[in-house]
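# Understanding the architecture of this molecule
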Amino acid sequence: MRKLTPILATALALSLPAFANANGFDSNLASTITGPIKVEVVVSEDLAHRAENLPKKLSDRGSGRLNGSFSNNGHYGQKDIDRLVEEMNAELADDFEKYGIASSESAPTLLRVTLEMAKPNRPTFNQLSEDVSLSFQSFGIGGAEITAEVIGAGGESLGTMEYDYYSSLANRPIAPNAVGTWTDADRSISRFSKKASKKLAALGAAGNS
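Heads up: these notes are all about the structure in this document. On a predicted model such as this, the values are computed, not experimentally measured, just so you know.

## Examining the environment of Asp164
Along the polypeptide, Asp164 turns up in strand β6 (residues 157-166). In this structure, the C-alpha to C-alpha distance between Asp164 and Asp26, residues 138 residues apart in sequence, is 9.3 Å. In this structure the side chain of Asp164 is engaged in a polar contact, spanning 3.1 Å, whose partner is the backbone nitrogen of Gly24.

In structure tokens form, the structure reads like this:
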């Protein structure tokens with residue numbers, strides 16, 4: 001997949017205010033979008049912390065392994081966090097092209113996408129090195145939460161979008177080996193990208209130059 005023209009930032013960002021009881025895609029974006037869009041992808045402070053640490057809140061650490069699953073809430077490894085950012089980069093590039101949305105690093109309109117949280121289906125390389133009781137056969141609930149804000153030329157917020165998706169152990173496939181480390185998080189990233197691009201195109205971003 002091709003990358004966007006702008007270099008996507010991997011700098012940390014504080015989480016945007018989340019919609020209450022978010023489920024699936026939601027947006028309050030209604031303003032007309034004109035001209036090309038600059039794209040910036042960042043990760044939340046919480047997700048960045050979990051690259052090399054367990055969650056700060058004890059309540060977020062889970063209860064450990066149970067019936068072949070694992071508490072997949074931390075020690076992801078920085079390479080895996082960077083890989084998620086790259087995946088969002090690639091998905092947005094593909095969908096912007098599909099919907100005819102121009103992107104430019106110098107565009108006055110900014111789309112800031114924040115990976116708020118992500119959980120792997122299987123242990124990452126770093127998690128395997130941190131916990132010798134884990135193996136790649138360990139399986140957990142995977143998915144991701146994503147928010148985005150569109151910021152106008154004057155710095156004003158034009159609206160927000162968000163998407164979340166998590167699987168469940170009840171939905172574990174008959175052939176679980178077909179599920180990779182970030183299968184459900186990748187699914188969430190892909191779905192958000194398509195829905196966000198479609199929303200932007202409907203508001204006039206498509207066909208702008």
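## Quick look at the pattern of salt bridges
Inspection of every chain in the model, using the stated rule, returns five salt bridges. Of the charged contacts, one joins Glu40 and Arg112 as a salt bridge, the two residues approaching to 2.5 Å between their closest N and O atoms. Of the two residues, Glu40 is situated in strand β3 (residues 37-44) and Arg112 in strand β4 (residues 109-119); the sequence distance between them amounts to 72 residues. The shortest N-O distance in the salt bridge between Lys56 and Glu45 comes to 3.9 Å. Note that Lys56 is positioned in the loop between α1 (45-49) and α2 (78-99) and Glu45 in helix α1, a separation of eleven residues in sequence. A relative accessible area of 57% places Lys56 in the exposed class.

## Some details on unusual backbone geometry
Excluding glycine, residues mostly carry a negative phi; peptide bonds, for their part, are mostly trans. With a phi close to 60°, His75 is a non-glycine residue in the positive phi region. Assignment of secondary structure puts His75 in the loop between α1 and α2.

## Here we look at α2
Between its first and last C-alpha atoms α2 spans 32 Å; for 22 residues at 1.5 Å apiece the expected length is 32 Å, and the two agree. Phi turns positive, to about 70°, at Gly100, one or two residues after α2.

## A few points about the environment of Arg122
Mapped onto the secondary structure, Arg122 falls in the loop between β4 and α3 (125-130). Overall, the relative accessible area of 0% leaves Arg122 in the buried class. Here the side chain of Arg122 touches Gln137 through a polar contact of 3.3 Å, landing on its backbone oxygen.

Parameters and conventions
- Residues numbered from 1 in each chain as written.
- Predicted model: local features only at pLDDT ≥ 70, side-chain atom pairs only at ≥ 80, totals over all residues.
- Heavy atoms only, no water.
- Helix = DSSP H or I, 4+ residues; strand = E, 2+ residues; numbered from the N terminus.
- Polar contact = N/O pair within 3.5 Å; in protein donor to acceptor, adjacent residues only side chain to side chain.
- Salt bridge = Lys/Arg side-chain N within 4 Å of Asp/Glu carboxyl O.
- Buried < 20%, exposed > 50% of the residue type's maximum accessible area, 1.4 Å probe, protein only.
- Expected span 1.5 Å × (residues − 1).

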